[in-house]
Amino acid sequence: MRGLSRRALFASTAAGAGTVLLPAASARARPRPEPSAGCAHYRADYHFTVPAQWKNDPQRPVWIDGTYHCYYLCNTDYLDGQVGTAWALATSTDLVSFTDRGIAVPKDTTVNGDVWSGSAVVDTGDTAGFGAGAVVALVTMSPGGGTDHQEQFLYYSTDGGRTFTHHGTDPVLANPGVADFRDPKVIRDDDRDRWVMALAERHRIGFYHSADLLSWTYAGAFAEDGIGVLECPDLFRITADDGTPKWVLGASGDGTGSGRPPTYAYWTGSFDGGAFTADSAEPQWLDHGWDWYAAVTFEKRDADGTPDPAGRYAVGWLNNWAYAHTTPTIDCDGFNGTDSIVREITLKRSASGGYYLASRPVAALDGYVSRTVRLGDLTVDGTRVLDHTGVSYELSTEITWSEATGAGVQVRRSPDGGRHIDAGVYGDYAFLNRRGTVNPDTGGARQESRTPFDASAGRVRLRILVDRTSVEMFVDDGRYVHSAEVFPYLIDNRLALFAVGGTAVFRNTVIREFAVPGPGPGPGA
């Protein structure tokens, strides 16, 4: 259908959006439901989900004896309406298939209450005195509750990170009398033979150092007051593709108010053990969608366990605090909590001389392909509905054009074409638009995400991961990624290609489906 406009593309979206959105949920979860025999299931097919109850922040995974130990915040009483999180554990050798290991750091084992985000390290040199190879976790707790008296406490494990014991009830880093003092991220500073902590302190990230993980000294801070309250800081060194070593400082923030993403902001620069100097004051973003929060990066290990200096992994929580308790998975699947696909990230030098992080899905996903559909080159003028049906898959294609003003893919399209999620490029931006399907944003302000795009290139590579409740779009080399939580009806399993304002060719178009075993019944089941 030549002459299809972008307005026409989304016309049915605007008319029907209000009728398909989920109702807003209260902050307290309803009692755990009893699923009916005919209940539809929304648990992801190849993304990590909490086996039961609730999860939010992933904690930085730790490599122990050839296995990634992936901790995450978990509330085993969520469906009973109770609050408070513990650290649950899942292990994986490839970061695609996970095995549930239950609760590693229980909540409410001391007078300080439940445990919040932090980080774990392997203390190979026995600096803390718990034994060489002990796993030491620094976590935020808030005696008395709330955010005005958060402090950092220590737990340790001598069984390979499976279970942890608290190191008393006193903090190892006390609150100096401020609100929002949380999420310690600890790394080893080999250059200075000490530990370094990055800590979220409202609109800044504080740096501390320690010889033994037990006592900490303030060293400096990095301030950023344009993206809301900073959370879940990150600090690491990585070698760029041109051989230049750089430091990266990251944090989760909400830039919605200033037209920026609500995800993981980062700066490249230098770090001297106490101060971080950014290459540019303006942050870059590791994801530009609505739902990639509390993300962590962690070491990428070679086959022999050696860290790769030029690569890391990253994973984020596929949700947003604006609507965190709105999901159909509660009713029929008894859980609320899904993570993004794990990504491999590298640092690249741009044509302008700056540096940016590029993402791609973890390579081990290739080992779980259960079906491949090769569609070759497809010419599209208007909308072309494909024969393929499915609710979880990966689509990759390179789109080329000479006159078209936009092109892309409609995933999770309804049989009548009235509902769909649109991913592609238009003019000078790439976009992911979920307005035309069921999604958690009942207010309507978080429907389409955009990133810059050079239309003069006349081509774009898209790699789109579709699962039952999510869409992740990787654009070209992965500098720009869009992640969105979506809840399409399960009958919405069609797929279409579209071109706006002219003809486009979708080259080497491939669809892959995956078969990944689940993590098991899990804590709180």
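Here the residue numbering is sequential within each chain, running from 1 through the sequence in written order. Per-residue local features of the predicted model are confined to residues with pLDDT of at least 70, and side-chain atom pairs are confined, for both listing and counting, to 80 or more; whole-chain, interface and lining totals are unaffected and use all residues. As a convention, hydrogens and water are excluded, and side-chain values are obtained from all of the structure's heavy atoms.

Engineer: Go over the confidence of the model for the protein with me, naming the residues and quoting the values.
Structural biologist: Any residue range with low pLDDT should be treated as having predicted coordinates unsuitable for detailed reading. Per residue, pLDDT measures the predictor's confidence, with a range of 0 to 100. Mean pLDDT over the protein works out to 92, with 91% of the residues at or above the 70 mark. Any pair of residues with heavy atoms lying within 4.5 Å of one another is described as a contacting pair. Confidence drops under a pLDDT of 50 for residues 1-33, and excluding neighbours within four residues, the segment shows 73 contacts in the predicted structure.

Engineer: Account for the side chain of Asp 123, naming residues and giving values.
Structural biologist: For helices the rule is a DSSP run of H or I covering at least 4 residues; for strands it is a run of E covering at least 2, with both sets numbered from the N terminus onward. Residue position: Asp 123 is located in strand S6 (residues 118-123). For each residue, the accessible area found with a 1.4 Å probe, counting protein chains only, is set against the maximum for its type, and the residue is called buried under 20%, exposed over 50%, and partly exposed in between. Residues counted as positive are Lys and Arg, residues counted as negative are Asp and Glu, and His and the chain ends are not counted. The term salt bridge refers to a pairing of a side-chain nitrogen on Lys or Arg with a carboxyl oxygen on Asp or Glu at a separation within 4 Å. Buried charge without a partner: Asp 123 forms no salt bridge, and the closest opposite charge is Arg 188, 6.2 Å away. Once you skip the residues sitting within four places of it in the chain, Asp 123 turns out to touch Ala 128, Gly 129, Gly 131, Ala 132, Gly 133, Ala 134, Val 136, Trp 195 and Leu 213.

Engineer: Describe the environment of Phe 498, naming the residues involved and giving the relevant values.
Structural biologist: Note that Phe 498 resides in strand S33 (residues 494-514). Distance in space between the C-alpha atoms of Phe 498 and Gly 408 is 5.5 Å, their sequence separation being 90 residues.

Engineer: Describe in detail the pairing of strand S7 (residues 134-141), supporting the description with residues and values.
Structural biologist: Where a strand is regular, its side chains alternate between the two sheet faces. Counting buried residues in S7 gives 8 out of 8 residues, a clear majority hidden from the surface. Side chains Ala 134, Val 136, Leu 138 and Thr 140 project from S7 onto one buried face, and the interleaved Val 135, Ala 137, Val 139 and Met 141 project onto a second face that is buried too. Here a strand pair is declared whenever DSSP counts at least two bridges between the two strands. Both S6 and S7 contribute to a ladder of 6 bridges, which runs antiparallel. In the sheet register, Asp 123 faces S7, and the bridge partner there is Ala 134. In terms of strand pairing, S7 meets strand S8 (residues 151-157) through 7 bridges, oriented antiparallel. If you follow Met 141 over to S8, its bridge partner there is Glu 151.

Engineer: Describe the sheet that holds S8, listing the residues and the values that go with them.
Structural biologist: Overall, antiparallel pairing links the 4 strands, which are arranged S6-S7-S8-S9 in an open sheet. Across the chains shown, the open sheet's two edge strands, defined by having one partner strand only, are S6 and strand S9 (165-166).

Engineer: Give a description of the pairing of strand S15 (residues 245-252) that names residues and reports values.
Structural biologist: Of all 8 residues that make up S15, 7 are buried, and the element is covered over most of its length. Note: strand S14 (residues 231-239) against S15, 7 bridges, orientation antiparallel. Looking at S15, one finds that Asp 234 is bridged to Gly 250. With antiparallel pairing between neighbouring strands as the criterion, S14 and S15 make up a hairpin whose turn holds 5 residues, including Gly 243 at a positive phi of roughly 90°. Pairing between S15 and strand S16 (residues 264-271): 6 bridges, direction antiparallel. Each bridged residue has a counterpart across the sheet, and for Gly 250 the counterpart in S16 is Tyr 266.

Engineer: Can you break down the pattern of salt bridges residue by residue, with the values?
Structural biologist: Enumeration according to the criterion identifies 28 salt bridges in this entry. Of the charged contacts, one joins Asp 189 and Arg 192 as a salt bridge, the two residues approaching to 3.0 Å between their closest N and O atoms. Looking at Asp 189, the relative accessible area reads 3%, which means it is buried. The network of salt bridges with shared partners includes Asp 180, Arg 182, Asp 183, Arg 202 and Glu 231.

Engineer: Please set out the packing of aromatic side chains residue by residue, giving values where relevant.
Structural biologist: A pair of aromatic rings is counted whenever rings of Phe, Tyr or Trp (Trp by its six-membered ring) have centres within 6.5 Å, and the orientation is called stacked for planes under 30 degrees apart, edge-to-face for over 60 and tilted otherwise. Counted by the stated rule, this structure contains 23 aromatic pairs. Their ring planes at 85° and their centres at 5.6 Å tell us that Phe 222 and Phe 276 sit as a pair that is edge-to-face. Of this pair, Phe 222 sits in strand S13 (residues 217-223) while Phe 276 sits in strand S17 (residues 276-278); the two residues are 54 residues apart in sequence, bridging distant segments of the chain. By relative accessible area, Phe 222 is classed as buried at 11%. Chaining the aromatic ring pairs together yields one cluster made of Trp 54, Tyr 78, Trp 317 and Trp 321. The ring of Trp 195 is capped by Arg 188, whose NZ or CZ atom sits 4.8 Å from the centre of that ring. Positioned over the ring face of Tyr 356 is Arg 479, at 4.3 Å from the centre of the ring. By definition here, charges over rings are those cases where NZ of Lys or CZ of Arg is within 6 Å of the ring centre and within 35 degrees of the ring normal.

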